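If you want the building blocks of each chain, they are given just below.
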Amino acid sequence: MRPLIAGNWKMNGTIREAIALAESIGANAPRGEADPDLVVFPPFPHLHAVGSTLMGHGVAMGAQDCHAEPKGAHTGDVSAPMLRDIGCAYVLVGHSERRLNHHESDADVRDKAAAAIMAGVVPVICVGETMAQKAAGQSESVIQRQLQNSMPDRFSTARGVVAYEPDWAIGTGRTPSEEDITTIHALLRRLAPAGTRLLYGGSVKAGNAPVILALPNVDGVLVGGASLAAAEFLAIAAAASPA
Ligand code: PEP
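Residues numbered from 1 in each chain as written. Predicted model: local features only at pLDDT ≥ 70, side-chain atom pairs only at ≥ 80, totals over all residues. Heavy atoms only, no water.

Enquirer: What exactly am I supposed to notice about the pattern of salt bridges here?
Expert: Where side chains of opposite charge bring their charged atoms close, a pairing between them can arise. As enumerated under the stated definition, the model contains eleven salt bridges in all. One salt bridge connects E104 with R98, and the closest N-O pair in it is separated by 3.0 Å. We classify E104 as buried; its relative accessible area is 9%. For R98, a relative accessible area of 22% puts it in the partly exposed group. (Salt bridge = Lys/Arg side-chain N within 4 Å of Asp/Glu carboxyl O. Buried < 20%, exposed > 50% of the residue type's maximum accessible area, 1.4 Å probe, protein only.)

Take a look at the structure:
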């Protein structure tokens, strides 16, 4: 499976900085047949400018969230058809920062993923356990429940993506052991439809990417902090390219 290297820019940067970052990634992105697919997820206000900057560079763009309805009285929200219209190929749904800070349930995530598919946008469904759940030995049961309840119909035909992101590993510099990532990704492989790309996310850097990307059933990575520096993000992408 062709790897996918995804950069989640979160709520960072000015529009100038976003354009500069996109220019640098676009100009230096690997373009070989066997090189990974790249996608960046800028904040909503930067999508238009980043999309224009990346045009013709072979780097896809996604959004960090969408609403479950295609339109209507939802002040402050953004619909999946709007994302498609502005050039988004992907959308993150159920990132742990949305699940925790906005109390999004698995049902919310499933509805958003379904809306994305309806609009022709590939959903990246994020799942992951808390440290308390991990300490209680519940990682696998939590992730199984999250994924089964978050995947909508037609997830397989839409070539959906799943990202395993333990919330205690996000932005902390801590990562699960290789054995833990392998165990969870084997579970995801059993649960997700054939052909689903499975990403690992949580404190991925250029230094640890080669080891993580070599683990079985890891088809790419979702990168937060380290995706804000083009050189670091491209070094992670290089780790997914053939030697
Ligand atoms: C993320 O927010 O999706 C993420 C993986 O963040 P970081 O790489 O900074 O841990």
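Anyway, onward from the coordinates.
Enquirer: I would appreciate a short explanation of the packing of aromatic side chains in the present structure.
Expert: Two aromatic rings, taken as a pair, are described by how far apart their centres are and by the angle between their planes. Tallied over the full model, the rule gives one aromatic pair. Relative to Y200, the ring of Y164 lies with its centre 6.1 Å away and its plane at 65°, an arrangement referred to as edge-to-face. Placement of Y164 in strand β6 (residues 161-164) and of Y200 in strand β7 (residues 197-201) is noted, with a sequence separation of 36 residues between them. With respect to class, Y164 is no different from Y200; both count as buried. (Phe/Tyr/Trp six-rings, centres within 6.5 Å; stacked < 30°, edge-to-face > 60°. Helix = DSSP H or I, 4+ residues; strand = E, 2+ residues; numbered from the N terminus.)

Enquirer: Could you clarify how one ought to interpret the layout of surface pockets in this entry?
Expert: Over the atoms a probe the size of a water molecule is rolled, and this reveals where empty space is left. Here the largest pocket is characterised by a volume of approximately 440 Å³. Contributing to the lining of the largest pocket are 20 residues, with F44, Q64, D65, R98 and H102 lying nearest its centre. With three residues, helix α4 (residues 96-101) is the largest single contributor of residues to the lining of the largest pocket. In terms of lining residues, the second largest pocket is bounded by 17 residues, among which I170, G171, S203, G224 and G225 are the most central. The class makeup of the residues in the lining of the second largest pocket is five nonpolar, nine polar and three charged. (1 Å grid on protein atoms, 1.4 Å probe; cavity = no way out; pocket = protein on both sides within 12 Å on 5 of 7 lines; lining within 4 Å. Points joined across faces, edges and corners; volume = space filled by probe spheres on them. Nonpolar A, V, L, I, M, F, W, Y, C, P; charged D, E, K, R; others polar.)

Enquirer: Help me understand the packing of helix α1 (residues 15-28) against helix α10 (residues 230-239), please; the structure alone is not making it clear to me.
Expert: Describing two packed helices takes the angle between their axes plus the distance from one axis to the other. Running from N to C, α1 and α10 point in directions that differ by 35°, and their axes come no closer than 9 Å. Handedness of the α1/α10 crossing: right-handed. In contact with L21, S24, I25 and N28 of α1, α10 contributes A230, F233 and L234. (Axes fitted to C-alpha atoms, helices over the stretch in contact; angles between N-to-C directions. Left-handed = near helix turned anticlockwise from the far one by under 90°. Contact = heavy atoms within 4.5 Å.)

Enquirer: I tried to follow the nonpolar core on my own but got confused; where do I start?
Expert: As a rule of thumb, soluble globular proteins bury nonpolar side chains together. With 62 residues, the main nonpolar core has I5, I25, L38 and L188 as its most contacted residues. The dominant element in this core, judged by the number of residues it contributes, is helix α5 (residues 106-119), at six residues. Ranked by size, the runner-up nonpolar core spans 13 residues in total, among them A6, Y90, V161 and A163. (Core = buried A, V, L, I, M, F, W, Y, C linked by side-chain atoms within 4.5 Å.)

Enquirer: Which parts of the structure should I look at to understand empty space enclosed by the protein?
Expert: Within this structure, the stated rule accounts for one cavity of 30 Å³ or more. A volume near 30 Å³ is recorded for the largest cavity. G94, H95, S96, R99, C126, V127, G128 and E165 are the residues that line the largest cavity. Elements that contribute at least two residues to the lining of the largest cavity include exactly α4 and β5 (122-127). The class makeup of the residues in the lining of the largest cavity is two nonpolar, four polar and two charged.

Enquirer: How do you make sense of the pairing of strand β1 (residues 4-8) when you look at a structure like this?
Expert: Working note: regular strand, side chains alternate between the two faces of the sheet. Summarising burial for β1: five of the five residues are buried, a large majority. Here β1 shows two buried faces, one formed by L4, A6 and N8 and the other by I5 and G7. For the crossover from β1 across α1 to strand β2 (residues 37-41), the handedness is right-handed. Where β1 and strand β8 (residues 220-223) come together, four bridges link them in parallel fashion. For G7, the partnering residue across the bridge sits in β8 and is V223. (Right-handed = clockwise from strand over helix to strand, strands pointing away. Pairing = 2+ DSSP bridges.)

Enquirer: Which parts of the structure should I look at to understand the site of the ligand?
Expert: Near the ligand lie 14 residues; those nearest to it are K10, E165, G171, S203 and G224. At 2.5 Å from an oxygen atom of the ligand is found a side-chain nitrogen or oxygen belonging to K10. Protein chains bury 97% of the 290 Å² of accessible surface belonging to the ligand in isolation. In a pocket analysis with a 2 Å cut-off to the grid points, the ligand is assigned to the second largest pocket. Partitioned by chemical class, the residues of the shell around the ligand number four nonpolar, eight polar and two charged. (Near = heavy atom within 4 Å. Polar contact = N/O pair within 3.5 Å; in protein donor to acceptor, adjacent residues only side chain to side chain. Areas by Shrake-Rupley, 256 points an atom, 1.4 Å probe, with all protein chains shown as cover. Sits in = over half its atoms within 2 Å of the grid points.)

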